[in-house]
Amino acid sequence: MRKIKETLKIIICLTLFSCDQKLDIEPAQSISVDKALSEENTIKNILIGTYEEAGQSASFGGRNHVISDLLGATGQISWEGTFLEPRQIFTKNILVDNSFVEGLWQNSYEVINQANLVIDNITVINQTNESNRVEGEAKFLRGLAYFDLVRHFGGVPLRTEGIVDYSSDLNIQRGSEEEIYNQIISDLNDSYNLLPPSNDFFADKYAAKALLARVYLQRSEYSNALDAAHDVIINSDHELADTFAGAFNNDVDGVEDIFSFQVTSQGGTNQCIIFYASQSNGGRQGDITLQPAYFELFGDDLNDARYSFNYVSPDNGGTLTSKFTNQYGNVPVLRMAEMHLIRAESNFRLSSSKGMTPLSEINTLRARSNAKPLSELSIDVIFNERQLELAFEGHLIHDHKRLGKNVGSLQSNDPKLLLPIPQSEMDSNSEMIQNPGY
């Protein structure tokens, strides 16, 4: 969050001064923060900066996917890279100075602080529709950041007001998980009510509702998860891509993308490429390789397109997923396949058939990949289907925890499956308490 002052200076300069005004007597850097935050264009630019912050490599630019998958993995993948930080996560022996963990924490709170500044100063935007849109997007991003913080770290500090004065006392205790979830759900419900049904590649109301569906599923609130996923499936303009491959490596959002972080040759980052792809596809070599246990998840269904959606790295000979082969492809966060899986699981648990029967819904999703239809369902079968469809998209550790499934020899509630509070936070916040075991 210390970056916010420099961010504000840059935003002020871009907003209030053109390049040919560089000889103005009062330089951009001399404008007070209070004055900057009273300008409508500045608030809108801070929102754009919040998207940029959230899409950086440390979090939703890819490392959040990587951390979640490495932490949840056992025999399905292997870490072949030389970086020590991901190896610690993969082996579940994480040190408190792990830079990947620290980056995730710091970047998330930078996102939260910038979103808070937008929300705090939303009244400077006079036009109601614009004010609603900006506030809705900020609350979506804040909810998104807090959701992955609470899932990875447990209860975390709850900050809902922007910080501009860093000379003040910033020590703060951890909020409970329940407090964090209450804030997330409140933010996303507000976001849904404030946002329009479509909003270019920015968050719209169905992005908020899709994230709510994920939140409710994580909390085992199946009726709410069912209603949220059904709303997105029925009322949004999104649908499954015609092919499984068509859901990935898109330069622009595809029909299946509910929300993704944008990457172009001029901006954005896709760290999934760095760690999952070969050098010829923009990666290091293919640091994360698929292992026999992954292919065993498919049983004897070798015609399933997902089974063969991979390639051999010419760099290290490992088998790599084909989900990340376009170094300028967007980073998917929410897509329609997940909504179908959430609706199917929720219907199954509730013995209901809202939209479709659970078995029909799963088989409809499988048909896209030319997979054999299933004859019956169980929670284990649905979990397996989630692994086949959503692999390497940041879901694995969270599914293990909500379903109470061991990760190797570790029980789902083992402290090693929570990330440590970064040492930098422990050193700077006298109210902070470390997670057990660290």
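Only a predicted model underlies this, so the values are computations on that prediction, with no experimental measurement involved. (Residues numbered from 1 in each chain as written. Predicted model: local features only at pLDDT ≥ 70, side-chain atom pairs only at ≥ 80, totals over all residues. Heavy atoms only, no water.)

K.L.:
Where do I start with the pairing of strand β6 (residues 331-335) in this structure?
P.N.:
Side chains on a regular strand alternate between the two faces of the sheet. Of all the five residues making up β6, five are buried; the element is thus mostly covered by neighbouring parts of the structure. In the sheet, strand β2 (residues 257-261) pairs with β6 via four bridges, with the strands oriented antiparallel. Considered in β6, the bridge of F259 is made with L334. (Buried < 20%, exposed > 50% of the residue type's maximum accessible area, 1.4 Å probe, protein only. Helix = DSSP H or I, 4+ residues; strand = E, 2+ residues; numbered from the N terminus. Pairing = 2+ DSSP bridges.)

K.L.:
How should the nonpolar core be read in this particular structure?
P.N.:
The nonpolar side chains of soluble globular proteins are, as a tendency, buried together. Counting 112 residues, the largest nonpolar core has F140, F153, I184, F259, F261 and M339 as its most contacted members. Leaving out residues up to four positions away in the same chain, F140 has contacts with L188, S191, A203, A207, A208, L211, F259 and L334. (Core = buried A, V, L, I, M, F, W, Y, C linked by side-chain atoms within 4.5 Å. Contact = heavy atoms within 4.5 Å.)

K.L.:
Where do I start with the pattern of salt bridges in this structure?
P.N.:
Across all of its chains, the model carries 32 salt bridges by this definition. The partner of E40 in a salt bridge is K44, and the shortest N-O contact between them spans 3.1 Å. Of this pair, E40 and K44 both sit in helix α3 (residues 40-54), four residues apart, which is roughly one turn of the helix. Among the salt bridges present, the one from K405 reaches D380, with a minimum N-O distance of 2.6 Å. Residue K405 is located in the loop between α16 (396-403) and α17 (423-428), and its partner D380 is located in helix α15 (residues 379-390); the two are separated by 25 residues in the primary sequence. The network of salt bridges with shared partners includes E256, D301, D304, R306, K323, R335, R366, R368, E385, E389 and E393. (Salt bridge = Lys/Arg side-chain N within 4 Å of Asp/Glu carboxyl O.)

K.L.:
Where do I start with the environment of A337 in this structure?
P.N.:
Structurally, the position occupied by A337 is in helix α13 (residues 336-350). When the C-alpha positions of A337 and I362 are compared, they lie 9.8 Å apart, and in sequence the two are 25 residues distant. Those residues in contact with A337 that sit more than four places away from it in its chain are L240, E256, L365, R368 and E389.

K.L.:
Explain the packing of aromatic side chains to me, please; I cannot follow it from the model alone.
P.N.:
When we look at a pair of aromatic rings, we describe it by the centre distance and by the angle of the planes. Taken as a whole, this structure holds 24 aromatic pairs when the rule is applied. A ring pair is formed by F244 and F309, whose centres lie 5.2 Å apart and whose planes are at 75 degrees; its orientation type is edge-to-face. Here F309 lies in the loop between α12 (292-296) and β4 (310-312) and F244 lies in the loop between α10 (222-235) and β2, a separation of 65 residues in the sequence. In this structure F244 comes out as buried when scored by relative accessible area, which is 4%. Note on Y276 and F392: the rings are 5.7 Å apart at their centroids and 55 degrees apart in plane angle, and the pair reads as tilted. Separated by 116 residues along the polypeptide, Y276 in helix α11 (residues 271-276) and F392 in the loop between α15 and α16 bring together distant segments of the chain. (Phe/Tyr/Trp six-rings, centres within 6.5 Å; stacked < 30°, edge-to-face > 60°.)

K.L.:
Sorry, what's going on with helix α6 (residues 99-120) here?
P.N.:
Structurally, the α-helix is built with 3.6 residues per turn, so residues lying three or four positions apart point the same way. When the terminal C-alpha atoms of α6 are compared, their 31 Å separation across 22 residues agrees well with the 32 Å that a helix rising 1.5 Å per residue should span. α6 sits mainly inside the fold: 18 of its 22 residues count as buried. (Expected span 1.5 Å × (residues − 1).)

K.L.:
Just to check I follow, could you spell out the side chain of S78 for this structure?
P.N.:
Among the secondary structure elements, S78 is positioned in strand β1 (residues 77-79). For S78, the side chain forms a polar contact with the side chain of E80, separated by 2.8 Å. The residues touching S78, leaving out its near neighbours within four places in the chain, are F90, D287, I288, T289 and Q291. (Polar contact = N/O pair within 3.5 Å; in protein donor to acceptor, adjacent residues only side chain to side chain.)

Honestly, it's all geometry; don't read function into it.
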